[in-house]
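Notes for the structure review
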Amino acid sequence: ASSVAVDMSAGNNFALTMTEQTTFAAPTNVVAGQGGSIVISRGTAAYTAAWNTFYKWPSAFGTGTLTTATGSVDMVVYYAHTTSAAVCQMINNAT
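This part covers the sheet that holds strand β8 (residues 85-91). Sheet architecture is open: 5 strands sit in the order β2-β4-β7-β8-β6, paired in mixed fashion. Two strands bound the open sheet, and with one partner strand each, they are β2 (13-18) and β6 (55-56). Note: strand β7 (residues 73-82) against β8, 7 bridges, orientation antiparallel. Following the sheet pairing, Tyr 78 is matched in β8 by Cys 88.

Okay, here's the thing in structure tokens:
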């Protein structure tokens, strides 16, 4: 398994192709008010993701669970309302 900490100073929109089970650690260089997306692709296996408590999943916006199909693409839309928390929505099968 791997751990990924998104560097928010690198932009607002990010992409990751998973090659193994992945934990999304707390991102670095977060600016309150920053928003964007993380597009998550899976190639030949249905990998899963775990999320640091920075990523908040209100019940109306999904739970952070990725699509289980091999080759699927999902998108997390986020808004960092503080430097230590972001409200997130999972959009499954984003392609």
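Here the narrative resumes, following the displayed structure.
Strand order in this open sheet of 3 strands is β1-β3-β5, and the pairing throughout is parallel. The strands lining the two open edges of the sheet, one partner per strand, are β1 (2-4) and β5 (49-51). Taken pair by pair, the neighbouring strands of this sheet meet at an average axis angle of 25°, ignoring direction.

Counted according to the given criterion, the structure contains 4 aromatic pairs. Ring centres 5.1 Å apart and planes at 65° place the aromatic pair Trp 51 and Tyr 55 in the edge-to-face group. Judged by relative accessible area, which is 18%, Trp 51 ranks as buried. Of the residues examined, Tyr 55 reaches a relative accessible area of 4% and is grouped as buried.

Parameters and conventions
Residues numbered from 1 in each chain as written. Predicted model: local features only at pLDDT ≥ 70, side-chain atom pairs only at ≥ 80, totals over all residues. Heavy atoms only, no water. Pairing = 2+ DSSP bridges. Helix = DSSP H or I, 4+ residues; strand = E, 2+ residues; numbered from the N terminus. Axes fitted to C-alpha atoms, helices over the stretch in contact; angles between N-to-C directions. Phe/Tyr/Trp six-rings, centres within 6.5 Å; stacked < 30°, edge-to-face > 60°. Buried < 20%, exposed > 50% of the residue type's maximum accessible area, 1.4 Å probe, protein only.

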